[in-house]
Amino acid sequence: MKKTFMSILLLGIMNFSFAQNSTIEKSVTGIQIGFFGTEIYNETRLSDKIALRSQLGLNAGIFGGSLYDKTGFILYPELSIEPKWYYNLEKRVRKNKNIKNNGANFYSLNIKYSPNWFEISNYDNLEIYNTLSIIPTWGFRRNFAEKFNYEFRIGLGYGVSYRNSEYLENEKGAIMDLGFKIGYDF
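Throughout what follows, the structure given in this document is the object of discussion.

Here is what the cut-offs are and how they apply
Residues numbered from 1 in each chain as written. Predicted model: local features only at pLDDT ≥ 70, side-chain atom pairs only at ≥ 80, totals over all residues. Heavy atoms only, no water. Helix = DSSP H or I, 4+ residues; strand = E, 2+ residues; numbered from the N terminus. Buried < 20%, exposed > 50% of the residue type's maximum accessible area, 1.4 Å probe, protein only. Contact = heavy atoms within 4.5 Å. Areas by Shrake-Rupley, 256 points an atom, 1.4 Å probe, with all protein chains shown as cover. Salt bridge = Lys/Arg side-chain N within 4 Å of Asp/Glu carboxyl O. Core = buried A, V, L, I, M, F, W, Y, C linked by side-chain atoms within 4.5 Å. Patch = residues over 30% accessible without salt bridge, like charges linked within 9 Å, V, L, I, M, F, W, Y side chains within 5 Å.

**Quick word on the overall build of the protein**
Along the backbone of the protein there are two helices and nine strands. Walking the protein from its N terminus toward its C terminus, one meets helices and strands in the order α-β-β-β-β-α-β-β-β-β-β. Expressed as a percentage of its 186 residues, the buried residues of the protein come to 36%. Across the protein, every contact between residues at least 6 apart in sequence was considered, and the portion connecting residues at least 24 apart equals 57%. Only carbon and sulfur atoms are counted for the fraction: they give 62% of the accessible area of the protein, which is about 12000 Å².

**Quick look at the pattern of salt bridges**
Any two side chains of opposite charge can pair, so long as their charged atoms come close to each other. According to the stated counting rule, one finds 15 salt bridges in the structure shown. A salt bridge links D177 to K112; its shortest N-O distance comes to 3.7 Å. In this pair, D177 sits in strand 9 (residues 171-185) while K112 sits in strand 5 (residues 105-114), placing the two residues 65 residues apart along the sequence. Of the two residues, D177 and K112, neither departs from the other in class, the shared state being buried. For D177, the salt bridge is made with R153, and the minimal N-O distance between the two is 3.2 Å. With D177 in strand 9 and R153 in strand 8 (residues 148-162), this pair connects stretches of sequence that are 24 residues apart. Side by side, D177 and R153 carry an identical accessibility label, which is buried. Overlapping salt bridges bring together E39, E43, R53, E82, K84, K112, R141, E151, R153, D177, K181 and D185 as one network.

**Overview of the nonpolar core**
Core analysis: the largest hydrophobic core is formed by eight residues, namely I24, A51, Y86, L89, V93, I99, A104 and F106. What Y86 contacts, discounting residues up to four positions off in sequence, is I24, E43, K49, A51, N102, A104, N105, F106 and R141. In terms of nonpolar packing, the next biggest core, distinct from the first, is built from five residues, F63, I74, Y76 and Y123 among them.

**Considering a nonpolar patch on the surface**
On the surface, a cluster of nonpolar side chains totalling about 1300 Å² of accessible area is made up of F35, F36, L56, I62, F73, L79, Y113, W117, F118, I120, L132 and Y162. Elements supplying a minimum of two residues to the nonpolar patch: strand 3 (50-63) and strand 4 (72-86). Looking at the secondary structure, you find I120 in strand 6 (residues 120-121). Residue classification places I120 among the partly exposed residues on the basis of a relative accessible area of 41%.

Following this line, the structure appears as structure tokens:
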């Protein structure tokens, strides 16, 4: 009886010590690469389920068609800040799923700013306009190996491009955010 009680007590202590806490990480910093850019980011915990993601990215674009002599590419900077609500942490913990480095589903409000600082392209005299967008998104983040992750997101929002000319009006309209990136957490 004494051995059975000690075994149950030991298993209970081990189970408690190895159980995941159902809150997001205090801070996660990393880099992610996708088809249309790369970014360095930091997610800082604001509460048990809410994080604030800030990032500096280098976006990529491809263009072509009958208006251009050849297919073109462009790289340009982007800054963003994004509150994220990870809504299924408890469910993932109950199912013994990995939530390390905020591996869960989320809703977010992505606020992006693309400044006209520089552009890298195979075409001369391209100009990127200062653009501000606000995009509600849904997505998920999962982890594999020790420090690697992948993240998918989709959203539809509103954006404004501020023209640098008195002859052109600012452009406004819907902006879609669709992305899949693979990353590494430091």
